[in-house]
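Okay, here's what each chain looks like letter by letter:
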Amino acid sequence: MPTLFTKIIQREIPADIVYEDDHVVAFRDLDPQAPVHILIVPRQEVDGLAELPETGDHLYILNAAKTIAESEGLTSGYRLVINQGVHGGQSVQHLHAHLLGGRKMNWPPG
Ligand code: AMP
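Thresholds applied
- Residues numbered from 1 in each chain as written.
- Predicted model: local features only at pLDDT ≥ 70, side-chain atom pairs only at ≥ 80, totals over all residues.
- Heavy atoms only, no water.
- Salt bridge = Lys/Arg side-chain N within 4 Å of Asp/Glu carboxyl O.
- Buried < 20%, exposed > 50% of the residue type's maximum accessible area, 1.4 Å probe, protein only.
- Pairing = 2+ DSSP bridges.
- Helix = DSSP H or I, 4+ residues; strand = E, 2+ residues; numbered from the N terminus.
- Axes fitted to C-alpha atoms, helices over the stretch in contact; angles between N-to-C directions.
- Contact = heavy atoms within 4.5 Å.
- Near = heavy atom within 4 Å.
- Polar contact = N/O pair within 3.5 Å; in protein donor to acceptor, adjacent residues only side chain to side chain.
- Areas by Shrake-Rupley, 256 points an atom, 1.4 Å probe, with all protein chains shown as cover.
- 1 Å grid on protein atoms, 1.4 Å probe; cavity = no way out; pocket = protein on both sides within 12 Å on 5 of 7 lines; lining within 4 Å.
- Sits in = over half its atoms within 2 Å of the grid points.

**Considerations on the pattern of salt bridges**
Considering all chains together, one arrives at 5 salt bridges under this definition. The salt bridge partner of E20 is R11, with a shortest N-O separation of 2.7 Å. Accessibility expressed as a relative area gives 37% for E20, which makes it partly exposed. Its relative accessible area of 48% is what places R11 among the partly exposed residues.

**Some points on the sheet that holds strand β5 (residues 97–101)**
With antiparallel pairing, the 5 strands of this open sheet are ordered in space as β1-β2-β3-β5-β4. Single-partner strands in this sheet number two, and they are β1 (17–20) and β4 (78–81). For this sheet, the mean inter-axis angle between neighbouring strands, taken without regard to orientation, is 20°. By the bridge criterion, 5 bridges tie strand β2 (residues 24–28) to strand β3 (residues 36–42) in an arrangement that is antiparallel. Across the sheet, the residue bridging to F27 is L39, located in β3. Its contacts with the sheet put helix α2 (residues 61–71) on β1, β2, β3, β4 and β5, and the angle it makes with β3 is roughly 150°.

**Examining the site of the ligand**
The immediate surroundings of the ligand are formed by 16 residues, with D29, N83, S91, H96 and H98 found nearest. One nitrogen or oxygen atom from the side chain of N83 is found 2.8 Å from an oxygen atom belonging to the ligand. Taking 510 Å² as the accessible area of the ligand by itself, protein coverage stands at 83%. Spatially, the ligand is embedded in the second largest pocket. Only α1 (4–9) and β2 provide two or more residues apiece to the shell around the ligand. With 3 residues, α1 is the largest single contributor of residues to the shell around the ligand.

**Quick look at the pairing of β3**
Counting buried positions along β3 yields 7 of 7 residues, so the element is predominantly enclosed. In this sheet, β5 lies alongside β3 in antiparallel orientation, the contact comprising 5 bridges. Its bridge partner being in β5, H37 is matched across the sheet by L100.

In structure tokens form, the structure reads like this:
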């Protein structure tokens, strides 16, 4: 059974895709928590950080984040977040990073 994000990657479910390459697809979050809120998703299905293989598409998330942040004009900074498991607040079981920007972030996060 493909994950929700695989369905987006395969264009079965619509999304506002802002970036893609051979390894990752990035699209705007449906419920944005900042003026810029983009999900960066490896094409390869991995449940989350706890199931991370040694190699794979997830290795390209950081470089995609840098590229997208530049194209979104986030010159004042941004935050990259991965929620893992119940306590981390993960709701979609397909590894993804949240790229948040366009406002000053708070620390510590909630
Ligand atoms: P997480 O809670 O870390 O697993 O993040 C899942 C994110 O996916 C949430 O921020 C949701 O708002 C977002 N989301 C859920 N469904 C969609 C969708 N169809 N298109 C874009 N973002 C979505």
